[in-house]
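Below, each chain spelled out in residue letters.
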Amino acid sequence: MSYSKLAVRQVERIFTGPRGEQTQALLPVDYQVQENDFITILGPSGCGKSTLLRIIAGLDSPTSGEVWLDGALVEGPGADRGMVFQSYTLFPWLTVAQNICFGLQERGISKAQQQERCDYYIHQVGLKGFEHHYPRQLSGGMQQRTAIARALANDPKVLLMDEPFGALDNQTRVMMQELLLSVWEASRKTVMFVTHDIDEAIFMGNRVAIFSARPGRIKTEVAVAFDGHRDYTLKTSPEFMALKARVTEEIRAETLQALAH
């Protein structure tokens, strides 16, 4: 049996409303993530994708089931999981460098190591020269680059990304996709990436996990295997278009089911 970096075991989530009404967001989910996987997660709106990611991050608790990371039970937030959200979550009173170093400072990492990691990831995400800028002085894409650098600087075992490029314009989004892939290839992190964009899911991931309509479960998985470095020209290739047609049909079927209910 192959080693699993991350194991989701029968994770179920039921939300209880103010009057006791119950809404099942997730049916029991079983899923295995391997070292260096880049998993993209697709599904209809409201199907539980973000809920699963928040449970893995330790920001929410499952109603039943467990999440294991490197053989240890996940019981709350931790530095071993880095999270990047769609909204820009930088501290507005801190500069780019100070935002990136925030988690390192909280963990008591030495100033020299903080500076070394900060310099490395500023270079990796293309923010050289902006170290002393505040978030309000940055574009949306640059703010997300800072958020990615901040998450990676903590050296997490898994990087969790909840529609990180959803608020960006199309041109910036394409640039950020290529940037993240180049950073992933250099750092070899394990990534779970939620998106609503089919092209993005296929372009970014080595596996696409497709959710059913709510209550969500992982209905199927599509393996993605492209030779060589990925750039925007890949999206017009016959292989890409064939995968897109297959994934689109899977998503369409679930969306129609969601609308029917």
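On a predicted model such as this, the values are computed, not experimentally measured, just so you know.

The rules we used
Residues numbered from 1 in each chain as written. Predicted model: local features only at pLDDT ≥ 70, side-chain atom pairs only at ≥ 80, totals over all residues. Heavy atoms only, no water. Helix = DSSP H or I, 4+ residues; strand = E, 2+ residues; numbered from the N terminus. Rg over C-alpha atoms; globule rule 2.2 N^0.38 Å. Buried < 20%, exposed > 50% of the residue type's maximum accessible area, 1.4 Å probe, protein only. Contact = heavy atoms within 4.5 Å. Areas by Shrake-Rupley, 256 points an atom, 1.4 Å probe, with all protein chains shown as cover. Lys, Arg positive; Asp, Glu negative; His and termini not counted. Charge placed at Lys NZ, Arg CZ, Asp CG, Glu CD. Polar contact = N/O pair within 3.5 Å; in protein donor to acceptor, adjacent residues only side chain to side chain. Pairing = 2+ DSSP bridges. UniProt positions renumbered as here; feature names shortened; annotations may be inferred. Axes fitted to C-alpha atoms, helices over the stretch in contact; angles between N-to-C directions. Parallel < 35°, antiparallel > 145°, perpendicular 65-115°, else oblique. Left-handed = near helix turned anticlockwise from the far one by under 90°. Phe/Tyr/Trp six-rings, centres within 6.5 Å; stacked < 30°, edge-to-face > 60°. Lys NZ or Arg CZ within 6 Å of the ring centre and 35° of its normal.

The next thing to look at is the overall build of the chain. Counting secondary structure elements, the chain contains 7 helices and 10 strands. For the chain, the C-alpha radius of gyration of 19 Å lies close to 18 Å, the compact-globule estimate for 261 residues. Summarising its shape, the C-alpha atoms of the chain cover approximately 55 × 45 × 40 Å along the three principal directions. A total of 261 residues make up the chain; the buried ones form 49% of that total. Restricting to contacts in the chain with at least 6 residues of sequence separation, those with at least 24 account for 72%. As presented, the chain carries roughly 12600 Å² of accessible surface, and 51% of it is formed by carbon and sulfur atoms. A gap of 3 Å separates the mean positions of the 27 positive and 30 negative side-chain charges of the chain.

What follows covers the side chain of D60. Within the secondary structure layout, D60 lies in the loop between α1 (49–57) and β4 (64–69). Separated by 3.0 Å, the side chains of D60 and R13 make a polar contact. The residues contacting D60, other than those within four sequence positions of it, are R13, F15, T51, R54 and I55.

Here the focus is the sheet that holds strand β2 (residues 22–33). The 4 strands lie next to each other as β2-β1-β4-β5, forming an open sheet whose pairing is antiparallel. In this open sheet, the two edge strands, each paired with only one partner strand, are β2 and β5 (72–73). Strand direction decides the pairing type here: strand β1 (residues 6–16) and β4, joined by 5 bridges, are antiparallel. Residue pairing across strands places R9 opposite E66, the latter belonging to β4.

Attention now moves to the UniProt feature "domain: ABC transporter" (unreviewed entry) in the chain. Listed under "domain: ABC transporter" (unreviewed entry) in the UniProt record, and renumbered for this structure, are residues 8–238. End C-alpha to end C-alpha, residues 8–238 measures 34 Å, and it is 32% helix and 26% strand.

Before going further, it helps to spend a moment on the packing of helix α4 (residues 140–153) against helix α5 (residues 170–187). Where α4 contacts α5, the two axes come as close as 11 Å, and the packing angle between them is 20°. Taken together, the axes of α4 and α5 lie roughly parallel to each other. The interaxial crossing formed by α4 with α5 has right-handed handedness. In contact with G141, Q144, R145, I148 and L152 of α4, α5 contributes T172, M175, M176, L179, L180 and V183.

Glancing now at the sheet that holds strand β3 (residues 38–42). As summarised here, the arrangement of the 6 strands in space is β6-β7-β8-β3-β9-β10, forming an open sheet in which the pairing is mixed. At either end of the open sheet lies a strand with only one pairing partner, and these are β6 (81–84) and β10 (218–223). The average undirected angle you get between the axes of adjacent strands in this sheet is 20°. Note: β3 against strand β9 (residues 207–211), 4 bridges, orientation parallel. Residue pairing across strands places I39 opposite R207, the latter belonging to β9. Docked against the sheet, α1 engages β3, β6, β7 (158–162), β8 (190–194) and β9, running at close to 150° with respect to β7. Contacts from α4 reach β6 and β7, with the element oriented near 170° to β6.

Time to look at the packing of aromatic side chains. A complete count under the given rule lists 7 aromatic pairs for this structure. Pairing F38 with W184 gives two aromatic rings, centres 5.4 Å apart and planes at 90°, and the pair type is edge-to-face. Of the two residues, F38 is situated in strand β3 and W184 in helix α5; the sequence distance between them amounts to 146 residues. Among the residues examined, F38 registers a relative accessible area of 0% and is labelled buried. W184 sits in the buried class, given a relative accessible area of 13%. Here a set of aromatic residues connected by ring pairs shows up, and it is made of F38, F165, W184 and F193. The ring of F91 carries the charged tip of R150 above its face, separated from the ring centre by 5.6 Å. If you follow K235 out to its NZ or CZ, it ends over the ring of F203, 4.7 Å from the centre.

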